[in-house]
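Given next are the chains, with one letter for each unit.
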Amino acid sequence: MFALREGGAAVADVVREVRNERLARILPEAIGALHELIEKHRVTEEEWLAVLGFLTEVGKKDEFVLLSDVTKTSVLVDSITHEDGAATPSDVEGPLYRENPPWREKPVKIYEEYEGIEEGDVLFVRGRVTSTDGTPLSGAVLDVWQTGPTGGYDVWDERQPDYNFRGRFGVEEDGSYEFQTMVPKPYTVPTDGPVGRLLEAIGQHPWRPAHIHLIAEAEGHETLTTQIFFPDDPYLENDTIGAVKPELVRPLERCEDEEEISRRGLDGPFYTCEFDIKLKPVVRG
Ligand code: BEZ
Ligand code: FE
């Protein structure tokens, strides 16, 4: 569009500096795709206002991460951001991570007893943290969180002490680690808000297979956020957030050896799970 300036020169007066090239390229395409959908399905004003009302509520209830998760958008973005190679595959963080979890001294145990815990099975997760070339990462720090064997996460379960089934800890000189926890169970993502209503409306179940979340950090290496899953879980093939990767599914071994049980100060059989972690060195440019 041209305008006449004083003196009569024609100049472009609406071309502005582009502050974000990527946004300026992607947003018009996103809007175009949305407009096409609206036209294709002849979306009405009433329906569109309902969509806007829904998104407003998602924001008010702080459920945008959850919405991104259940639409499997988080998994897609994670796979683009962290291409799987020689390192342990990454996976989404989900909305249940809590900052500043307690530091757990060795031998590492990430939970305290509470009413109902006896329904669960003790589990020791162990492995080695190395660089992708196999060099042990003795300075690595692990941060893990998961649900208890009943009642879900600490933030949902009044019986559990704060920060139960959460913790950070270091590894040994040779990169090895072990922590005591309990075998988690499948659980549903929060269903009491707008995202829960959306799932119900479209007939998508809210279940996730049992899993343990883990963040591994070591100097000079990319931080890995991932999850560990277990075979034979009814939701392994249809996780509501689509986050299961075959390489992250690890068998549980049951130990009934009396000597081993008493050496560990337990009063019954327990499980073990091996999970080696390979971190990718940071490439300095
Ligand atoms: C979780 O695994 O903690 C989770 C992931 C996505 C949505 C809700 C919970
Ligand atoms: Fe989880």
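Cut-off values and rules
- Residues numbered from 1 in each chain as written.
- Chains lettered and ligands numbered in written order.
- Predicted model: local features only at pLDDT ≥ 70, side-chain atom pairs only at ≥ 80, totals over all residues.
- Heavy atoms only, no water.
- 1 Å grid on protein atoms, 1.4 Å probe; cavity = no way out; pocket = protein on both sides within 12 Å on 5 of 7 lines; lining within 4 Å.
- Points joined across faces, edges and corners; volume = space filled by probe spheres on them.
- Nonpolar A, V, L, I, M, F, W, Y, C, P; charged D, E, K, R; others polar.
- pLDDT = per-residue confidence, 0-100.
- Contact = heavy atoms within 4.5 Å.
- Helix = DSSP H or I, 4+ residues; strand = E, 2+ residues; numbered from the N terminus.
- Expected span 1.5 Å × (residues − 1).
- UniProt positions renumbered as here; feature names shortened; annotations may be inferred.
- Donors = N, O, S within 2.8 Å, 3.2 Å for Na, K, Ca; no water.
- Buried < 20%, exposed > 50% of the residue type's maximum accessible area, 1.4 Å probe, protein only.
- Near = heavy atom within 4 Å.
- Polar contact = N/O pair within 3.5 Å; in protein donor to acceptor, adjacent residues only side chain to side chain.
- Sits in = over half its atoms within 2 Å of the grid points.
- Salt bridge = Lys/Arg side-chain N within 4 Å of Asp/Glu carboxyl O.
- Pairing = 2+ DSSP bridges.

Trainee: Can you tell me about empty space enclosed by the protein, naming the residues and giving the values?
Mentor: Think of a ball as big as a water molecule: rolled over the atoms, this probe shows where empty space is left. Enumeration over the complete set of coordinates arrives at 1 cavity of 30 Å³ or more. Estimated volume of the largest cavity: approximately 110 Å³. Together, 14 residues line the largest cavity, and P95, L96, Y187, V189 and R208 are the ones closest to its centre. The class makeup of the residues in the lining of the largest cavity is 9 nonpolar, 3 polar and 2 charged.

Trainee: Tell me what's going on with the confidence of the model for the protein, and back it up with residues and numbers.
Mentor: For the protein, mean pLDDT is 93; residues scoring 70 or higher make up 95% of the total. Across residues 1–5 the pLDDT falls below 50, and counting only partners more than four positions away or on other chains, this stretch makes 14 contacts in the model.

Trainee: Please give an account of helix 2 (residues 45–60) that cites residues and values.
Mentor: Between the first and last C-alpha of helix 2 there are 23 Å, a value that for 16 residues agrees with the 22 Å anticipated at 1.5 Å per step. D62 occupies a position one or two residues after helix 2 and carries a positive phi of about 55°.

Trainee: Can you explain the UniProt feature "domain: Intradiol ring-cleavage dioxygenases" (unreviewed entry) in the protein? Please cite residues and give values.
Mentor: Residues given the UniProt feature "domain: Intradiol ring-cleavage dioxygenases" (unreviewed entry) here are residues 125–153. Helix makes up 0% of residues 125–153 and strand 41%, and the two end C-alpha atoms of the span are 19 Å apart.

Trainee: Break down the coordination of the iron ion (ligand 2) for me, citing the residues and quoting the values.
Mentor: The iron ion (ligand 2) binds to the protein through Y153 (OH), Y187 (OH), H211 (NE2) and H213 (NE2); the donor distances cover 2.0 to 2.2 Å. Of note, the donors binding the iron ion (ligand 2) are all from one chain and are spaced Y-x33-Y-x23-H-x1-H. Here H213 lies in strand 10 (residues 211–217) and Y187 lies in strand 8 (residues 187–188), a separation of 26 residues in the sequence. You'll find Y187 and H213 in the same group, each marked buried.

Trainee: Mind laying out the site of ligand 1, listing which residues take part and the relevant values?
Mentor: In the neighbourhood of ligand 1, the contacting residues comprise L66, D69, G94, P95, L96, Y153, Y187, V189, R208, H211, H213 and I241. Y153 places a side-chain nitrogen or oxygen 3.1 Å from an oxygen atom of ligand 1. At 2.6 Å from an oxygen atom of ligand 1 is found a side-chain nitrogen or oxygen belonging to R208. If you map ligand 1 onto the pockets, it falls in the largest cavity.

Trainee: Pulling in residues and values, what's your account of the pattern of salt bridges?
Mentor: Overall, the coordinates contain 16 salt bridges when judged by the stated rule. E172 is paired through a salt bridge with K106; the nearest N and O atoms lie 3.9 Å apart. In this pair, E172 is assigned in the loop between strand 6 (166–170) and strand 7 (176–182) and K106 in the loop between helix 4 (73–81) and strand 3 (108–109), connecting sequence segments 66 residues apart. Accessibility expressed as a relative area gives 46% for K106, which makes it partly exposed. In this structure, R159 engages D157 in a salt bridge whose closest nitrogen and oxygen atoms are separated by 3.1 Å. Looking at R159, the relative accessible area reads 35%, which means it is partly exposed. Sharing partners across several salt bridges, the network here consists of R126, E178, E260, R263, R264 and E274.

Trainee: I'd love a proper account of the pairing of strand 13 (residues 270–274), names of residues and values included.
Mentor: Burial of strand 13 is extensive: 4 of the 5 residues sit out of reach of the surface. With 4 bridges connecting them, strand 4 (residues 122–131) and strand 13 associate as parallel partners. Residue F124 lies in a different strand from strand 13, and its bridge partner there is T272.

Trainee: Residues and numbers for the layout of surface pockets, please.
Mentor: Computed from the structure, the largest pocket encloses a volume of approximately 290 Å³. Lining the largest pocket are 16 residues, with Y111, V122, M182, L266 and D267 sitting closest to its centre. Partitioning the lining of the largest pocket into residue classes produces 6 nonpolar, 4 polar and 6 charged.

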